[in-house]
Amino acid sequence: MTALQDTSKAGAGRTVISVDAMGGDRGPAAVVAGISLSAKKNPDIGFILHGPKTELEKLVARKKALSGRVEIRDAKDVVTMEDKPSQVMRHGKQTSMWSALDSVRSKEADVCVSCGNTGALMALSMIRLRKLPGVNRPAIAILWPSSNPQGFNVMLDVGADIRADERDLLQYAMMGASYARNGLDLQKPRIGLLNVGTEEHKGRAELKLAHDLIATQAPLAGYEFVGFVEGGDIPGDRCDVIVTDGFTGNIALKTGEGTASLIGNLLREAFKFSPLSRLASVLAYTSLQRLKKRIDPRRVNGGVFLGLNGTVVKSHGSADAMGVAAAVKLAFQLSQSGFSHKLAARVASATEQVQNAVEERDQSGDKE
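Residues numbered from 1 in each chain as written. Predicted model: local features only at pLDDT ≥ 70, side-chain atom pairs only at ≥ 80, totals over all residues. Heavy atoms only, no water.

Enquirer: Before we go on, may I ask you to explain the nonpolar core in this structure?
Expert: One recurring pattern in soluble globular proteins is that nonpolar side chains are buried together. One finds Phe47, Leu49, Tyr179 and Tyr223 to be the most contacted residues of the largest nonpolar core, which totals 68 residues. Top contributing element to this core by residue count: helix H6 (residues 166-184), with 10 residues. Excluding anything up to four places from it in sequence, tyrosine 179 contacts Ala141, Leu143, Val154, Leu184, Val304, Leu306, Leu330, Leu334 and Phe339. Formed by 31 residues, the second largest nonpolar core is a distinct cluster that contains Met97, Cys112, Met122 and Ile142. (Core = buried A, V, L, I, M, F, W, Y, C linked by side-chain atoms within 4.5 Å. Buried < 20%, exposed > 50% of the residue type's maximum accessible area, 1.4 Å probe, protein only. Helix = DSSP H or I, 4+ residues; strand = E, 2+ residues; numbered from the N terminus. Contact = heavy atoms within 4.5 Å.)

Enquirer: Looking at this structure, I do not really get the pattern of salt bridges. What am I missing?
Expert: Note on pairing: side chains with opposite charge can pair once their charged atoms come close. Taken as a whole and assessed by the stated rule, the structure comprises 11 salt bridges. Across the pair arginine 190 and aspartate 240 runs a salt bridge whose closest N-O atoms are separated by 3.0 Å. One end of the pair, arginine 190, is in strand S7 (residues 190-194); the other, aspartate 240, is in the loop between strand S8 (224-229) and strand S9 (241-243), with 50 residues separating them in the sequence. By relative accessible area, aspartate 240 is classed as buried at 4%. (Salt bridge = Lys/Arg side-chain N within 4 Å of Asp/Glu carboxyl O.)

Enquirer: Any chance you could explain the sheet that holds strand S10 (residues 303-306) here in plain terms?
Expert: For sheets, the rule is that strands pair by backbone hydrogen bonds, running either parallel or antiparallel. Here we have 11 strands laid out as an open sheet, ordered S3-S2-S1-S4-S11-S10-S5-S6-S9-S7-S8, and mixed in their pairing. Only two strands of the sheet have a single partner each, and these edge strands are strand S3 (70-74) and S8. Each strand of the sheet is rotated relative to its neighbour by a mean of 25°, with strand direction disregarded. (Pairing = 2+ DSSP bridges. Axes fitted to C-alpha atoms, helices over the stretch in contact; angles between N-to-C directions.)

Enquirer: Quick question: what am I supposed to make of the packing of helix H1 (residues 27-41) against helix H11 (residues 321-336) here?
Expert: Helix packing geometry: the angle between the two helix axes and the distance between the axes. H11 packs onto H1 with a crossing angle of 55° between their chain directions and a minimal axis gap of 7 Å. As far as their axial angle goes, H11 and H1 are oblique. Here the hand of the crossing between H1 and H11 comes out right-handed. Two secondary-structure elements touch here, H1 through Ala30, Val31, Ala33, Gly34, Ile35, Leu37 and Ser38 and H11 through Ala321, Met322, Val324, Ala325 and Val328. (Parallel < 35°, antiparallel > 145°, perpendicular 65-115°, else oblique. Left-handed = near helix turned anticlockwise from the far one by under 90°.)

Enquirer: Before we go on, may I ask you to explain unusual backbone geometry in this structure?
Expert: Peptide bonds are mostly trans, and most non-glycine residues show a negative phi. Note that the residue after leucine 156, namely aspartate 157, is joined by a cis bond; omega there is 0°. Inspection of the secondary structure assignment puts aspartate 157 in the loop between strand S6 (152-156) and H6. Non-glycine residue lysine 107 carries a positive phi angle of around 70°. With respect to the element layout, lysine 107 can be found in the loop between helix H4 (96-105) and strand S4 (111-114). Positive phi outside glycine occurs at arginine 130, with the angle close to 70°. Relative to the elements of secondary structure, arginine 130 occurs in the loop between helix H5 (118-128) and strand S5 (139-145).

Written as structure tokens, this is what we have:
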């Protein structure tokens, strides 16, 4: 029996993940290899795989771990990295990305995972899944390696929208706190608002307004607000969630990725410098492997779209099998925690709190 002859049982008793097999830099082979790794490690995951059926059938048939675990949905078209979101929204109904999101929309799958074009994925997610009531701008949240006990900090937004006013930033704080509770098991996350300094008088007007709103809602929302934080706190232990707009967050993310790559290259060059340094690298092999594992971006691959009627995990476009498996693992964890429903409840509560806080602030201003 091949992996394709029992696809009707792919979701039997399992958490079903909808996977866009196309659009990544490494093609569908890397995606299939990634979900195969996930299937080997976790028997409780089933997959709906979207893309050209004939091509995917051949790839899946080679992976014994996927036997009876995959249902293939034929989607002939692909969203490329060069495609504009507006074009995809108008002409993308036959793409694997559209199909993958529709499986979440129809409740056949719990979470969607895609390595594809970020802008197109966010645009289609907002069309097919819709924003949660009260959400103005969805956000992309990522896990950033840190010196905190949990090993990672949550940062959002890292690129969903370059703009964010004080209400958006408060919603990001609420959503980030919910993600930290369900993704990192932190009961009372510490929230920091990214700024050019920690003093309350610094920063743009919307940051100062957001500072007051986030601080006011902390007791009601169950998080601790530590105030303004700086770039150096992103990998630090001062807070668990870093809140910022998508423009700043995306620059910080790309800078961090570039710095990690540079450090890795410099270390390799340093250990090749002389016979003695090569010997030192052999002696330090175990420690270097621990360091590599600790900062390997593939192991924390997956940005989560927050503020939608459904969970979407955006895997890095250049993800290999390990990176795809990491994104699937994150998707599974969020599904198991009931994250989507908890986030919806949190956003609904936050919307009401925001409205009350803004009205109180406006009334106070009128009296003055």
